[in-house]
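# Observations on the model geometry
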Amino acid sequence: MKAQLLPRDKWPGKFLGSLVFEDRKAPLGVSQAEGKEFMAIAEEENFHGQYKKTILLRSDKGRQRLLLVGLGKKKEFEPDRVRVAVAKFIKLAGEMKIAEFGLLIPDPKSIPIRGPNCIPRFITAAVQGAVLAGYRYTEHRKNRPEDPEPPELLGLLFSTGKAITPTVRKAAAQAGAVAEAVCYTRDLVNEPPSQKAPEMVAELATWLAKRGRVKVEVMRKKQLIQMGMNCILRVGAGSHEPPCLVHLTYKPKRRSKKTVCIIGKGVTFDSGGLSLKPSASMDTMKCDMAGAATVLGLFKLLGELDLPVTVHGLAPLAENLPGGSAQKPGDVIRAYNGKTIEVLNTDAEGRLILADALAYGSKLEPDLMIDMATLTGACVVALGDEYSALLGTDRKTINRLIELGKEQGEFFWQLPLPERYRSHIKSKVADIKNIGKPRIAGTIVAGLFLQEFVDKKVPWVHIDIAGPAFTKEDWDYTRTGGTGVPLRTLAAFLSTI
Ligand code: BES
Ligand code: MN
Ligand code: ZN
């Protein structure tokens, strides 16, 4: 979908959309005089601007049609509601086979976002809502009449041409780039597992590095052996598909303000290994590389934006299968930083590949290290399917991610990393073991395990995305399948560093 910014009177299309606050006199972007009439008709059908409620009106002259979507009460407003409401427009426009849809952009005074960024923030949410709601994964099926195509063109219609400032244009372009990156990540997560073996994901990363200021290095089996990345090797040992470690680097043109290392778990399929999962828990495990997919999505974006930060992206990639050479419960492995791990459950494999990646990332001496992983089922039990857990040593970054996430419609909650629980991963035969006590603080214990591989000098945040990385039901602007969480928040974070 393309977005175009233009004054309302230049819009050739027949369909206009406007958002409405509950019990207000006029839809946003519509004059009081004109709006009063519309609202009178809408109210006859019990439309008062209730959140997510929609109504289609025909203007008197009969030429244009106006679609209204409720934003709910003004005092309950948050920018993410714009994504939700615009998603409604996209769905309805699709059902009515509208190819060009125009959204009326409100006057800044009428929305409760303070400051000069009001309209750019509105536009960002609107463009993202439209692109994200239009996403579908149709690689392996035909289009369906009951699931119609979204409009091709989204018009962002301003009351005057003067309102279309360079800032507003930039916001629309960047929001589009972020949304496209999210769709790219969703595609990777949705891809069937046998079509995205580690080597194939590495190939995609290599492809990304052909653009922008992005470079790539892929460490394959031989090199991993030389380097002592035994955790990645052992997790991948039960599969015919060899594991690898992808290292992407983005360097800015200008002076770099900071160096950040972003790591994503890339288990391209998690059967559990010899500690085999039951079938019912295995059927969504193609999503276990969502962290790595987010790293790739981020680098697609970094190739397009012009951020003044150096970013390292690491994606340890392996397929966790119970083949003849698979690692066994009871095995001991030596990680890249020299610590030994007793593997008591081969299904706790994410923390193993991350152990090597975190130790390697620490050596790059970044100012900040963030890892993302579909790491623990316990996280879904604790926080549900819409919240990611944050754990780590960098309180400031944790708080920022929580705040930024609200604007992005991505939700985070902090869990502690208590030293008191470190005893849970003490091993009798190695430095540590890869599981704690059964059903006790699974997400926290995984975080404490990861911390063993992070250099104490490196501020670090771990994001457990086991809940929101993949959804089994449609959300407002997110289809069943890979969601792209937490790419939008990371992009916002890196953009404001
Ligand atoms: N990939 C899973 C975690 C997961 C579960 C992600 C559900 C998304 C949805 C991870 O590798 C795993 O199997 N974790 C185990 C750890 C346990 C063996 C300590 C789990 O959570 O059961
Ligand atoms: Mn597992
Ligand atoms: Zn896993």
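Residues numbered from 1 in each chain as written. Chains lettered and ligands numbered in written order. Predicted model: local features only at pLDDT ≥ 70, side-chain atom pairs only at ≥ 80, totals over all residues. Heavy atoms only, no water.

## Let's talk about the site of ligand 1
- Near ligand 1, the surroundings consist of 15 residues, among which Lys277, Asp288, Asp347, Glu349 and Gly377 are the closest.
- Here an oxygen atom of ligand 1 sits 2.9 Å away from a polar atom, N or O, in the side chain of Asp270.
- The side chain of Glu349 places a nitrogen or oxygen atom 2.9 Å from an oxygen atom of ligand 1.
- The fraction of the free accessible surface of ligand 1 (510 Å²) that becomes covered by protein chains is 76%.
- Each residue belonging to the shell around ligand 1 can be placed in one class, and the counts come to four nonpolar, four polar and seven charged. (Near = heavy atom within 4 Å. Polar contact = N/O pair within 3.5 Å; in protein donor to acceptor, adjacent residues only side chain to side chain. Areas by Shrake-Rupley, 256 points an atom, 1.4 Å probe, with all protein chains shown as cover. Nonpolar A, V, L, I, M, F, W, Y, C, P; charged D, E, K, R; others polar.)

## Here's the deal with the packing of helix 2 (residues 80-95) against helix 3 (residues 118-133)
- Where helix 2 meets helix 3, the axes come as close as 8 Å, and the angle between the chain directions of the two elements is 45°. With respect to helix 3, the axis of helix 2 lies oblique. Handedness of the crossing formed by helix 2 with helix 3: right-handed. Each of Val82, Arg83, Val86, Ala87 and Ile90 in helix 2 lies in contact with helix 3, whose residues at this interface are Phe122, Ala125, Ala126, Gln128, Gly129, Ala130 and Ala133. (Axes fitted to C-alpha atoms, helices over the stretch in contact; angles between N-to-C directions. Helix = DSSP H or I, 4+ residues; strand = E, 2+ residues; numbered from the N terminus. Parallel < 35°, antiparallel > 145°, perpendicular 65-115°, else oblique. Left-handed = near helix turned anticlockwise from the far one by under 90°. Contact = heavy atoms within 4.5 Å.)

## Structural notes on the coordination of the zinc ion (ligand 3)
- Taken together, Lys265 (NZ), Asp270 (OD), Asp288 (OD) and Glu349 (OE) make up the protein donors of the zinc ion (ligand 3), found 2.0 to 2.4 Å from the metal.
- The coordination sphere of the zinc ion (ligand 3) comprises six donor atoms, whose angles at the metal cover 77 to 177°; the geometry is octahedral.
- The two metals, the zinc ion (ligand 3) and the manganese ion (ligand 2), are separated by 3.1 Å and share Asp270 as a common coordinating residue. Of the two residues, Lys265 and Asp270, both sit in the buried class. (Donors = N, O, S within 2.8 Å, 3.2 Å for Na, K, Ca; no water. Tetrahedral: all angles 85-135°; square planar, octahedral: opposite > 155°, others 65-115°. Buried < 20%, exposed > 50% of the residue type's maximum accessible area, 1.4 Å probe, protein only.)

## Examining the pattern of salt bridges
- In total, this model carries 26 salt bridges according to the counting rule given.
- A salt bridge links Glu304 to Lys300, with the shortest nitrogen-to-oxygen separation between them at 3.5 Å.
- Classification of Glu304 as partly exposed rests on a relative accessible area of 38%.
- For Lys300, a relative accessible area of 16% corresponds to the buried category.
- Linking Glu452 and Arg422 is a salt bridge whose minimum nitrogen-to-oxygen distance equals 2.8 Å. Of this pair, Glu452 sits in the loop between helix 13 (442-451) and strand 18 (460-464) while Arg422 sits in the loop between strand 16 (411-414) and strand 17 (432-433), and the two are 30 residues apart along the sequence. (Salt bridge = Lys/Arg side-chain N within 4 Å of Asp/Glu carboxyl O.)

## Observations concerning the coordination of the manganese ion (ligand 2)
- In this structure, Asp270 (OD), Asp347 (O), Asp347 (OD) and Glu349 (OE) serve as the protein donors to the manganese ion (ligand 2), at separations of 2.1 to 2.2 Å.
- Bound by six donor atoms, the manganese ion (ligand 2) shows angles of 69 to 168° at the metal and therefore irregular coordination geometry.
- Each donor residue of the manganese ion (ligand 2) belongs to the same chain, with the gaps between them written as D-x76-D-x1-E.
- Accessibility expressed as a relative area gives 0% for Glu349, which makes it buried.

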